[in-house]
Amino acid sequence: MTDAADLRRRTAELLAAHPPATTGRLEFLRARFDAGLAWVHFPQGLGGLDAPRSLQAVVDAELEGTGAPDNDPGRIGIGLGMAAPTILRFGTDEQKQRFLRPLWTGEEVWCQLFSEPGAGSDLAALATRAVREDGGEAGSGGDWIVDGQKVWTSSAHLARWAILIARTDPGVPKHRGISYFVCDMTDPGVEVRPLRQITGEAEFNEVFLTGVRIPDAHRLGAVGEGWKVAQTTLMNERVAIGGARIPREGGMIGVAAADWRARPELRTHDLHQRLLKLWVEAEVARLTGERLRQQLTKGQPGPEGSGMKLAFARLAQEISGWEVEFLAEDGLTYDDWTMRRPDGVDFTGREAGYRYLRAKGNSIEGGTSEVLLNIVAERVLGLPPEPRTDKDVAWKDLPR
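Throughout this description, residue numbers start from 1 for each chain and increase along the sequence as written. Only residues with pLDDT of at least 70 get local features here, since the model is predicted, and only at 80 or more are side-chain atom pairs given and counted; chain-wide, interface and lining totals rely on the full set of residues. To get the side-chain values, take all heavy atoms of the structure and skip hydrogens and water.

Please set out the overall build of the chain residue by residue, giving values where relevant.
Per the secondary structure count, the chain includes eleven helices and eight strands. Both definitions apply: the radius of gyration is a C-alpha atom measure, and the globule rule equals 2.2 Å times residues to the power 0.38. In terms of C-alpha radius of gyration, the chain reaches 22 Å, essentially the compact-globule figure of 21 Å for 400 residues. In terms of principal-axis extent, the alpha carbons of the chain reach across some 70 × 55 × 45 Å. For each residue, the accessible area found with a 1.4 Å probe, counting protein chains only, is set against the maximum for its type, and the residue is called buried under 20%, exposed over 50%, and partly exposed in between. For the chain, buried positions account for 51% of its 400 residues. Residue burial considers only the protein chains on display, and all accessible areas are found by Shrake-Rupley using a 1.4 Å probe. Approximately 18,800 Å² of the chain is accessible, and the part contributed by carbon and sulfur atoms is 53%. Residues scored as charged are limited to Lys and Arg (positive) and Asp and Glu (negative), so that His and the chain ends carry no count. In this description, the location of a charge corresponds to atom NZ of lysine, CZ of arginine, CG of aspartate or CD of glutamate. For the chain, the distance from the average position of its 49 positive side-chain charges to the average position of its 57 negative side-chain charges is 3 Å. Strands are runs of DSSP state E lasting at least two residues, helices are runs of H or I lasting at least four, and both sets are numbered from the N terminus onward.

Talk me through the side chain of Thr128; I want residue IDs and the actual numbers.
Tracing the chain through its elements places Thr128 in the loop between strand 1 (110-113) and strand 2 (129-132). Take Thr128: its relative accessible area is 1%, and that puts it in the buried class. A 3.5 Å cut-off defines polar contacts: any pair of N or O atoms within that distance qualifies, except that in protein one atom must be a possible hydrogen donor and the other a possible acceptor, and neighbouring residues in sequence count only when both atoms are side-chain atoms. At a separation of 2.7 Å, a polar atom in the side chain of Thr128 contacts the side chain of Glu116. Within the local environment of Thr128, its side chain forms a polar contact with the backbone nitrogen of Gln149, the two atoms lying 3.5 Å apart.

Report on the pairing of strand 2, specifying residues and quantitative values.
Of the two faces of strand 2, the one lined by Ala130 and Arg132 is fully buried and the one lined by Arg129 and Val131 carries no buried residue. By this definition, two strands are paired if DSSP reports at least two bridges between them. Direction of pairing for strand 2 relative to strand 3 (residues 143-150): antiparallel, over a ladder of four bridges. Across the sheet, Arg129 pairs through a bridge with Asp147, a residue of strand 3.

How would you sum up a nonpolar patch on the surface? Please name residues and give values.
Patch definition: residues above 30% relative accessible area lacking any salt bridge, with like charges linked at up to 9 Å and the nonpolar side chains Val, Leu, Ile, Met, Phe, Trp and Tyr linked at up to 5 Å. Salt bridge, as used here, is a side-chain nitrogen of Lys or Arg placed within 4 Å of a carboxyl oxygen of Asp or Glu. On the surface, Val380, Leu381 and Leu383 cluster together into a nonpolar patch covering about 270 Å² of accessible area. Relative to the helices and strands, Leu383 resides in the segment after helix 11 (369-380). Classification of Leu383 as partly exposed rests on a relative accessible area of 44%.

With reference to specific residues and values, describe the pattern of salt bridges.
What the rule picks out here adds up to 35 salt bridges. Residue Glu62 pairs with Arg8 through a salt bridge whose shortest N-O separation is 3.7 Å. Placement of the pair is Glu62 in helix 3 (residues 56-63) and Arg8 in helix 1 (residues 4-17), with a sequence separation of 54 residues. Accessibility expressed as a relative area gives 33% for Glu62, which makes it partly exposed. Owing to a relative accessible area of 40%, Arg8 belongs among the partly exposed residues under this scheme. Shared partners join several salt bridges into a network, and the residues in it are Asp6, Arg9, Arg10 and Glu13.

So what's going on with the environment of Glu201? Residues and values would help.
Mapped onto the elements, Glu201 comes out in the loop between strand 6 (190-195) and strand 7 (204-215). Put simply, Glu201 and Arg75 are 126 residues apart on the chain and 16 Å apart in space, counted from C-alpha to C-alpha. Within polar-contact distance, the side chain of Glu201 engages the side chain of Arg340 at 2.7 Å.

Note that every value here comes from positions in space, so none of it alone points to a role or purpose.
Shown next as structure tokens:
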């Protein structure tokens with residue numbers, strides 16, 4: 001059984017065979033993946049060693065300070081946090097071998113084609129259609145032809161692949177007529193348009209799909225069971241957004257505390273009390289996230305990730321609001337309204353005005369706070385579910 005000592009030995013062997021100072025970045029990342037040190041809890045041959053998830057920290061600690069490159073997780077977060085665990089659970093052996101290595105090394109960026117203009121919070125109401133070209137059964141080798149529109153797609157302008165859910169049977173209730181696919185973003189029927197946000201940037205996109213051809217070999221899970229597959233993606237997404245590992249007084253509360261220490265002339269009793277309250281809440285959220293990560297070592301993520309994402313969204317908005325108020329006129333400045341299409345989001349490396357504006361989206365993206373409250377109420381607390389009149393109605397018969 002792989003233990004910490006074994007991982008230290010394997011990491012030392014990797015560094016000896018591929019010294020970071022003389023090894024190209026991509027070559028090193030590929031070698032790390034092949035050595036099973038990418039994500040140690042994954043199976044052997046797929047970047048892991050079937051080791052406990054908690055032991056990943058041993059590898060990361062050994063590599064820290066050696067000059068070893070990382071895989072730029074901020075740029076490929078959708079692939080790492082959402083596509084990879086879904087492919088691992090539902091993908092075929094061929095799909096795992098094809099997609100996981102270039103996903104982890106960052107050679108291929110992924111995006112998520114889920115939300116639609118008429119299906120955001122009610123995602124299962126999606127209208128994008130996927131129709132079998134030959135009308136055959138699953139596994140017959142025919143392609144799927146996809147038409148529709150997706151929206152709020154992070155990194156679509158960078159992505160090589162997308163995880164996509166589409167309606168394959170409109171004659172059954174909405175949750176049962178969905179299938180899950182891997183979509184080639186270079187298909188000529190894929191059009192990506194930027195969506196400019198309140199920050200001036202366009203990290204989000206809308207994506208139009210017109211006659212996009214997807215081979216049946218790129219379907220994840222059975223036909224009509226895409227909602228089940230999507231739940232794995234969504235649970236992992238919420239853990240990735242709300243459960244990232246940060247040090248004590250790290251993240252946005254660390255920036256706010258640094259501002260407080262650096263600007264004594266701006267301090268007031270009221271702002272001090274509010275900062276102390278936010279600091280305590282941020283530390284509670286951090287420790288709760290650590291407990292959640294420990295639970296993940298025992299299996300797949302559960303609805304608890306929704307609670308973490310809720311806490312992250314609220315704290316990000318309250319902390320950034322406190323910071324803007326504390327900095328007075330300096331908090332209102334914003335350095336650049338240029339229309340850009342960034343690789344990711346930087347909550348701590350930009351000015352207070354950016355954090356304040358960007359945090360407004362945290363309660364919408366990755367599942368609205370209202371929907372997540374329902375998930376926590378029903379699946380964590382066991383409260384009665386809200387009445388749903390459309391539960392047994394075919395999607396084609398729903399009013400739109």
